[in-house]
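Below are the chains, spelled out letter by letter.
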Amino acid sequence: MENISVIGAGTMGNGIAHVFAQNGFKVSLIDVQQAQLDKALATIAKNLDRQIAKGTITDATKAATLSNISTFTSIEKGIENAALVVEAATENIDIKLKIFQQIDAHAPANAILASNTSSISITKIASVTKRPEKVIGMHFMNPVPIMKLVEIINGYSTHADVTNTIIALSTQLGKTPCVVNDYPGFIANRILMPMINEAIYSLYEGVANVESIDTIMKLGMAHPMGPLQLADFIGLDVCLSILEVLHKGLGNPKYAPCPLLINMVTAGKLGVKSGEGFYVYTPGSKELIVSNRFRH
């Protein structure tokens, strides 16, 4: 397998393209907006510079990685030679289903079609294609160049050969693959999101403040960041979307999103991406400042 196509040049897409290209694959990075593609290449170059500064790669590796990436604004052109297509578009089921219909129509017959979805049913995605046995979940973690895990999700019809190919490919990328079955939230988010939601409920009900909740989980449970900071990092809109998938898909009230989370998303306070969530994010500053909303 040599040619990889990645659809979506946002945070996850550019990270996935980076990792494949750095490991010698020819990558076609596809996005409808040329500006987004240009931004993605700049981000990849900056992240490669960080690796050079740490001494983990050389200038030659950076040059080779960037030369392995081509950009396209057309799905049809970008996937015509792909052995694997990885979709990393917005976490929206309608968008993903539309993209998979396009991929299925134009990708080579033997190509594997993967989604980087963090919660949407692989079986549902596969159902709009004529090759459900070749559709699989390949859920990378953010930031992709650093995080070792790839959560591999088997849809109802995914063929074992396809699963084994993706396991081997993930290992080749220096990642640790873990295989799970296709039920709402898979494993990563089925366990993580209720924890984040419970942290938000604890704040909402006045059990503790933002700093106490995050410090207790960092120091008491050895988490690298607290659940409220992590929610800001993921995006509160993404957290809400995944909780809604869990709540609807499993029908259990324990997955119901906290009203505070719903209000924050409605108000446009989405975390790092909007500049404010549970904390305020100032460009260029690494200092964590709690939002005035939660200062008592």
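Residues numbered from 1 in each chain as written. Predicted model: local features only at pLDDT ≥ 70, side-chain atom pairs only at ≥ 80, totals over all residues. Heavy atoms only, no water.

Undergrad: I would appreciate a short explanation of the UniProt feature "site: Important for catalytic activity" (unreviewed entry) in the chain in the present structure.
TA: UniProt's entry tags His139 with the feature "site: Important for catalytic activity" (unreviewed entry), counted in the numbering of this structure. For His139, the position within the fold is in strand β6 (residues 135-140). On the basis of relative accessible area, His139 is assigned to the buried category, the value being 7%. With sequence-adjacent residues up to four places away left out, His139 is seen in contact with Ser115, Asn116, Thr117, Ser118, Leu149, Val150, Glu151, Ile153, Ala188 and Asn189. A polar contact of 2.8 Å, which involves the side chain of His139, links it to the side chain of Glu151. (UniProt positions renumbered as here; feature names shortened; annotations may be inferred. Helix = DSSP H or I, 4+ residues; strand = E, 2+ residues; numbered from the N terminus. Buried < 20%, exposed > 50% of the residue type's maximum accessible area, 1.4 Å probe, protein only. Contact = heavy atoms within 4.5 Å. Polar contact = N/O pair within 3.5 Å; in protein donor to acceptor, adjacent residues only side chain to side chain.)

Undergrad: I'm lost on the pairing of strand β4 (residues 84-87) in this one. Help?
TA: On any regular strand, side chains alternate: one points to one face of the sheet, the next to the other face. Judged by which residues are buried, β4 turns out to be covered on both faces: Leu84 and Val86 on one side and Val85 and Glu87 on the other are all buried. As paired elements, β4 and strand β5 (residues 112-115) share four bridges and run parallel to each other. Directly across from Leu84, in β5, lies its bridge partner Ile112. Each parallel crossover has a hand, and the one from β4 via helix α5 (residues 93-106) to β5 is right-handed. (Pairing = 2+ DSSP bridges. Right-handed = clockwise from strand over helix to strand, strands pointing away.)

Undergrad: Would you mind going over unusual backbone geometry with me for this structure?
TA: Among all residues save glycine, negative phi is the norm, and among peptide bonds the norm is trans. Of note, the amide linkage connecting Asn142 to Pro143 takes the cis form, showing an omega dihedral of 0°. A positive phi angle, near 55°, is found at Phe186, a position not held by glycine. For Phe186, the location among the structural elements is in the loop between β8 (176-181) and α8 (188-204). Residue classification places Phe186 among the buried residues on the basis of a relative accessible area of 3%. Positive phi values are uncommon outside glycine, yet Ala222 reaches one of about 60°.

Undergrad: Help me understand the side chain of Lys96, please; the structure alone is not making it clear to me.
TA: Examined against the element boundaries, Lys96 turns out to sit in helix α5. According to the relative accessible area criterion, Lys96 is buried, its value standing at 1%. Reaching out from Lys96, the side chain makes a polar contact with the backbone oxygen of Thr90 at a distance of 3.5 Å. Not counting residues up to four positions away in its chain, the partners in contact with Lys96 are Glu87, Ala89, Thr90, Glu91, Ser115, Thr117, Ile120 and Ile125.

Undergrad: It is not clear to me how the sheet that holds β5 should be interpreted in this structure. Could you clarify?
TA: Working definition: the strands of a sheet are paired by backbone hydrogen bonds and lie parallel or antiparallel to each other. Pairing within the open sheet is mixed, and its eight strands lie in the order β3-β2-β1-β4-β5-β6-β7-β8. Looking at the sheet topology across the chains shown, the edges are occupied by β3 (69-72) and β8. Strand-to-strand twist of the sheet, defined as the mean angle between neighbouring strand axes without regard to direction, takes the value 25°. In this sheet, strand β7 (residues 149-154) lies alongside β6 in antiparallel orientation, the contact comprising five bridges. Residue pairing across strands places Met138 opposite Ile152, the latter belonging to β7. (Axes fitted to C-alpha atoms, helices over the stretch in contact; angles between N-to-C directions.)

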